[in-house]
Each structure stands twice: as structure tokens, then as C-alpha cells.
Amino acid sequence: MKRIIIAIDGPAASGKSTSAKLLARKLGYVYLDTGAMYRACALAAQQQQININDIQALSRLMENIRIHIQFSDHGNTIWLNDDDVSEAIREPDISRLASAISAHRVVRTKMVKLQRELGREGGVILDGRDIGTVVFPQAELKFFMIAPLKIRAQRRYLELKEKGLNPVFEDILQDLVNRDKADASRALAPLIPAEDAIEIDTGELTIAEQVEKLYRIYLEKVGS
Ligand code: DC
């Protein structure tokens with residue numbers, strides 16, 4: 001059967017990565033977490049103490065950065081230069097910096113190129129903000145995931161708690177509001193649904209139900 005490109009976009013904590021990872025496993029596809037790539041850029045800027053609004057410094061950083069994604073059934077392992085940064089990029093301050101750094105053209109140009117190289121053969125599910133609109137506008141199947149803000153904040157809260165951290169619910173909520181606003185209002189590749197994207201509200205769905213829903217739509221579109 002034809003191995004297509006599946007784009008999953010949507011705001012933070014809307015269920016994109018969990019669904020994408022599980023659907024990829026079900027279909028024998030590769031899952032690519034594009035947000036992790038912007039997070040790795042943010043971590044590199046933080047480590048090198050670069051002011052991300054200093055475009056020359058940011059350009060130098062992007063010329064030298066080496067991001068490598070290792071694929072497995074359990075998701076992506078993200079390498080920044082020679083370090084596994086899969087955990088470090090999940091810190092809340094990196095979430096904020098990733099959103100800010102991703103608004104810069106020099107960063108997006110490099111990341112989009114890499115994403116296109118990794119996805120061009122098909123048999124891939126990419127999740128992000130601009131996959132269906134910019135990275136792969138020709139993707140055969142596009143989803144746009146949404147969920148009410150409070151539910152998304154609750155999910156992030158539980159995720160951080162499970163990691164042994166001590167999150168404050170109100171801080172998470174405010175961070176999500178700020179990040180959604182920044183991601184949706186930026187000039188370059190803003191977070192908006194592609195015209196041909198299918199909207200999925202995951203607010204009332206369990207993870208298994210989300211995956212089942214995407215899978216059924218996939219079967220309708222592509223055949224079994
Ligand atoms: O999906 P995520 O929350 O890990 O993404 C972190 C940030 O990266 C997000 O706030 C905006 C940016 N991003 C982007 O601009 N384009 C993408 N395709 C994916 C993420």
C-alpha cells in the first residue's frame with residue numbers, strides 16, 4: 001500500500017505527539033516530532049548564552065548546529081551535537097524559548113529543510129504547527145488537533161508530575177496561553193489549520209479513542 005505523509009498540527013498539549021507516535025506504530029510509519037527540533041535549537045541557544053534576537057549570533061548558531069533524530073517504536077531520541085538532549089528539551093523554560101526562537105526565519109529555514117529531507121519518502125507522520133501548511137502542503141492526510149485549554153493544561157501538569165517535578169497548575173496554564181498566542185500570531189508559518197485539515201477535538205477522548213479515530217480516517221482515505 002502507498003506510504004503517505006500524515007501531517008498533525010495543533011496547539012501545545014492537544015494530543016498530537018501521543019497520537020502521532022501510536023498511529024505511527026500501528027501503521028509501521030516513522031514518527032517525527034518537529035517541535036523537538038525547535039526545542040533543540042532553543043537548548044543550544046541557552047547553552048551558548050545567545051540572545052535570540054541577535055540575528056547574526058543566531059545565524060552562526062544555526063550554521064553550526066547538528067541535530068540528529070533517532071527513530072524507534074518509543075518515539076524520537078534527539079541528539080544535539082553529540083549529546084542526547086531528549087529529556088533536557090522538555091523543561092518549561094525551553095518550551096518558552098523554543099516558541100520564541102521558532103519565530104525566526106533563519107531557524108525555520110534550516111529546520112523545514114531537515115524535516116522535508118526526513119519525510120520526503122513518505123511512510124511518515126510529522127507533528128508540529130506548520131506541517132500541513134508549509135512543510136508538506138501536499139501531505140495526503142492532515143489533522144488539526146484541538147482541546148480545551150484547561151484539559152491541555154491538566155495533561156501537561158500530570159506529565160510533569162509523573163516526571164517527579166513539582167509543577168504549578170496556574171503557571172502551566174499561563175504558559176500555554178502565552179505560547180499558543182505567540183505561535184498563532186507570528187508572521188512566519190503561524191499555527192493555523194490547513195484548509196484541507198480534518199479537525200479533531202481530543203478534549204473528551206481517551207488516547208486509545210484518539211488513535212482509533214485517526215486510524216479510521218486513514219483507512220477511509222487510503223484504504224486498508
Ligand atoms: O510541539 P512542541 O510544543 O514541542 O513545540 C515547541 C515549540 O516549537 C512551539 O511552541 C512552536 C515551535 N514549533 C514550530 O514553530 N513549528 C513546528 N512545526 C513545531 C514546533
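Here's a quick rundown of the structure. Nothing here was measured: the structure is a model prediction, and the numbers come from that model. (Residues numbered from 1 in each chain as written. Predicted model: local features only at pLDDT ≥ 70, side-chain atom pairs only at ≥ 80, totals over all residues. Heavy atoms only, no water.)

### Considerations on the pattern of salt bridges
Then comes step 1: One pass over the structure, following the stated rule, counts 14 salt bridges.
Then comes step 2: Between E212 and K26 there is a salt bridge, with the nearest N and O atoms lying 3.9 Å from each other. On the criterion of sequence distance, the pair formed by E212 in helix α9 (residues 207-222) and K26 in helix α1 (residues 16-27) is long-range, its members being 186 residues apart.
Then comes step 3: The partly exposed category is assigned to E212, whose relative accessible area is 29%.
Then comes step 4: Close ionic contact of E212 with R216 constitutes a salt bridge, the shortest N to O distance being 3.8 Å. Taken as a pair, E212 and R216 lie in helix α9 at a separation of four residues, close to a single helical turn. (Salt bridge = Lys/Arg side-chain N within 4 Å of Asp/Glu carboxyl O. Helix = DSSP H or I, 4+ residues; strand = E, 2+ residues; numbered from the N terminus. Buried < 20%, exposed > 50% of the residue type's maximum accessible area, 1.4 Å probe, protein only.)

### Description of the sheet that holds strand β5 (residues 83-84)
The pairing of strands in a sheet comes from backbone hydrogen bonds and takes either a parallel or an antiparallel form.
Then comes step 1: Pairing is antiparallel across the open sheet formed by three strands, whose spatial order is β3-β4-β5. One side of each edge strand has no neighbouring strand; the edge strands of this open sheet are β3 (67-72) and β5. (Pairing = 2+ DSSP bridges.)

### Side note on the sheet that holds strand β8 (residues 198-201)
Then comes step 1: Read from one edge to the other, the open sheet built from five strands follows the order β2-β6-β1-β7-β8, with strand pairing classed as parallel. At either end of the open sheet lies a strand with only one pairing partner, and these are β2 (30-33) and β8. This sheet shows a mean twist of 20 degrees between the axes of neighbouring strands, independent of strand direction.
Then comes step 2: Here β2 runs beside strand β6 (residues 124-128); their pairing, made up of four bridges, is parallel. The residue of β6 that forms the bridge with Y31 is I125.
Then comes step 3: Each of β2 and β6 is contacted by helix α2 (residues 34-47), which is oriented at about 40 degrees to β2, the strand it contacts most. (Axes fitted to C-alpha atoms, helices over the stretch in contact; angles between N-to-C directions. Contact = heavy atoms within 4.5 Å.)

Everything listed is a geometric property; what it means functionally is a separate question.
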